[in-house]
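One-letter residues, chain by chain:
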Amino acid sequence: AYARQITRLQKGVDVVVGTPGRLIDLMKKEVLDLSHVHVVVLDEADEMLSMGFIDDIKTILEATPDSRQTALFSATLPEAIRQLGSQYMRNPHSIRIEDKHMTVDTIEQRYYLVDKKQKFSALTHIFEMENIERALVFASTKISTEQLSSTLSSRGYQAEVINGNLDQDARIRVLNRFKQNQIQVLVATDVAARGLDIEDVSHVFNYDLPREAEGYVHRIGRTGRAGKTGIAITLVTPK
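This report concerns the structure included in the present document. (Residues numbered from 1 in each chain as written. Predicted model: local features only at pLDDT ≥ 70, side-chain atom pairs only at ≥ 80, totals over all residues. Heavy atoms only, no water.)

1. Some points on the side chain of asparagine 163
Formally: The helix count covers DSSP runs of H or I at least four residues long, the strand count covers runs of E at least two residues long, and both are numbered beginning at the N terminus. Note on contacts: a residue pair qualifies if any of its non-hydrogen atoms lie within 4.5 Å across the two residues.
Turning to its location among the elements, asparagine 163 is positioned in the loop between β5 (159-162) and α8 (168-179). Setting aside chain neighbours within four positions, we find asparagine 163 in contact with Lys142, Thr145, Glu146, Arg171 and Thr189.

Below is the structure:
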């Protein structure tokens, strides 16, 4: 809630963690002053850019002093991030971490080769065959997530959507219902692939393949957490 955040900011804080939109809102209300910030950390920088936050990020960075230290954390390093680095960082150092084991051994990974027109039938058939406690289904577009959720609901599965059309409050409400087992299936775009910390997701489905290998790793990493086992199933069309 804004009131609680404004009260805390007025008392003075050491660290502010926020989404770009909320930070800018608080700046406009003149309760968040970034003119004395020492360190700026942009987490999930590649996702921030792909989700269209680049202008917001620039607005925030321009409100901070030139003397700040800036750190960008990113699973991938696209050209847009390199340009952002050269524009807002001085002599930046690039540190790359190579992980030999990109996916954990507790996740069983399977794929099914299916005709594009048969994808939904294949998905529902797998649902009937698998012992699904709680499932995440990833699709490539917001429209796809809504269509999938609607059709799964009509087949008797408790399904809801999380995508870029939902504001933060609505997103939190859906996630809480998912965590409390009021929803069995969460259909999501890649907005939900990173940063979700939900226990006991038994299955992750890639209804559509992500564009990059890193996206696949992030998606299936929502299952098989904390030493538990999980199943990741990908539907692959001949194309």
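2. Quick word on the sheet that holds strand β8 (residues 230-236)
Note the cut-off: For two strands to count as paired, DSSP must find a minimum of two bridges between them. Note on geometry: axes are lines fitted to C-alpha atoms, helical ones only across the stretch in contact, with angles between N-to-C directions running from 0 to 180 degrees.
Within the open sheet, the six strands sit side by side as β3-β8-β7-β4-β6-β5. Their pairing is parallel. Each edge of the open sheet carries a strand with a single partner, namely β3 (107-113) and β5. Adjacent strand axes in the sheet meet at a mean angle of 20 degrees, parallel and antiparallel pairs treated alike. The pairing of strand β7 (residues 203-206) with β8 spans four bridges and is parallel. Looking at the pairing, asparagine 206 lines up with threonine 234 of β8. The strands touched by α8 within the sheet are β4 (135-138), β5 and β6 (185-188), with β5 carrying the most contacts at an inclination of about 145 degrees. Strands in contact with helix α9 (residues 213-220) are β3, β4, β7 and β8; relative to β7, the strand with the most contacts, it is inclined by about 150 degrees.

3. So, the nonpolar core
For clarity, the threshold we go by: Among buried residues, the Ala, Val, Leu, Ile, Met, Phe, Trp, Tyr and Cys ones that are joined through side-chain atoms within 4.5 Å form a nonpolar core. Exposed residues in this analysis have more than 50% of their type's maximum accessible area, buried residues have under 20%, and partly exposed residues fall in between, with area computed by a 1.4 Å probe over protein chains only.
The biggest cluster of nonpolar side chains holds 21 residues, and the ones touching the most others in it are Leu123, Phe127, Val137, Leu148, Leu152, Val185 and Phe205. Looking at this core, the elements with two or more residues in it are α6 (119-129), β4, α7 (142-154), β6 and β8. For this core, the element with the most residues is α6, which contributes five residues. Discounting residues that sit within four places of it in the chain, phenylalanine 127 has contacts with Ile132, Ala135, Val137, Leu152, Tyr157, Val185 and Phe205.

4. Some words on α6
All of the buried residues in α6 are Lys119, Phe120, Ala122, Leu123, Thr124, Ile126 and Phe127. Looking at the packing, one finds that the buried side of α6 touches β3, β4, α7, β6, β7 and β8.

5. A short note on the packing of helix α2 (residues 20-28) against helix α4 (residues 54-62)
Our working definition: Working definition: roughly parallel below 35 degrees, roughly antiparallel above 145 degrees, roughly perpendicular at 65 to 115 degrees, and oblique for all remaining angles. Put simply, a crossing is left-handed when the front helix is turned counterclockwise from the back one by less than a right angle, and right-handed when it is turned clockwise. Side-chain classes follow a simple rule in which Ala, Val, Leu, Ile, Met, Phe, Trp, Tyr, Cys and Pro form the nonpolar group, Asp, Glu, Lys and Arg form the charged group, and the remainder, Gly included, forms the polar group.
For the pair α2 and α4, the least separation of the axes is 10 Å and the interaxial angle reads 45 degrees. In terms of axis orientation, α2 runs oblique to α4. The crossing of α2 and α4 is left-handed. Counted together, Pro20, Leu23, Ile24 and Met27 of α2 and Asp56, Ile57, Thr59 and Ile60 of α4 form the full contact between these two elements. Split by residue class, the contact of α2 with α4 holds six nonpolar, one polar and one charged.

6. What about a nonpolar patch on the surface?
The test is simple: Patches in this entry comprise residues that are over 30% relatively accessible and not in a salt bridge; like charges within 9 Å are linked, as are nonpolar side chains (Val, Leu, Ile, Met, Phe, Trp, Tyr) within 5 Å. Accessible surface is estimated by sampling points in the Shrake-Rupley manner with a 1.4 Å probe; for residues, cover comes only from the protein chains shown. Only one rule defines a salt bridge in this text: a Lys or Arg side-chain nitrogen within 4 Å of an Asp or Glu carboxyl oxygen.
There is a patch of nonpolar side chains on the surface, built from Val39, Val41 and Phe73 and spanning about 280 Å² of accessible area. Position of valine 39 relative to the elements: it lies in strand β1 (residues 39-42). Judged by relative accessible area, valine 39 falls into the partly exposed class, the value being 47%.

7. Regarding unusual backbone geometry
Non-glycine residue asparagine 91 carries a positive phi angle of around 45 degrees. On the secondary structure map, asparagine 91 appears in the loop between α5 (79-88) and β3. Residue asparagine 91 is classed as exposed on the basis of its relative accessible area of 70%. One non-glycine residue, asparagine 181, lies in the positive phi region at around 65 degrees. Mapped onto the secondary structure, asparagine 181 falls in the loop between α8 and β6.

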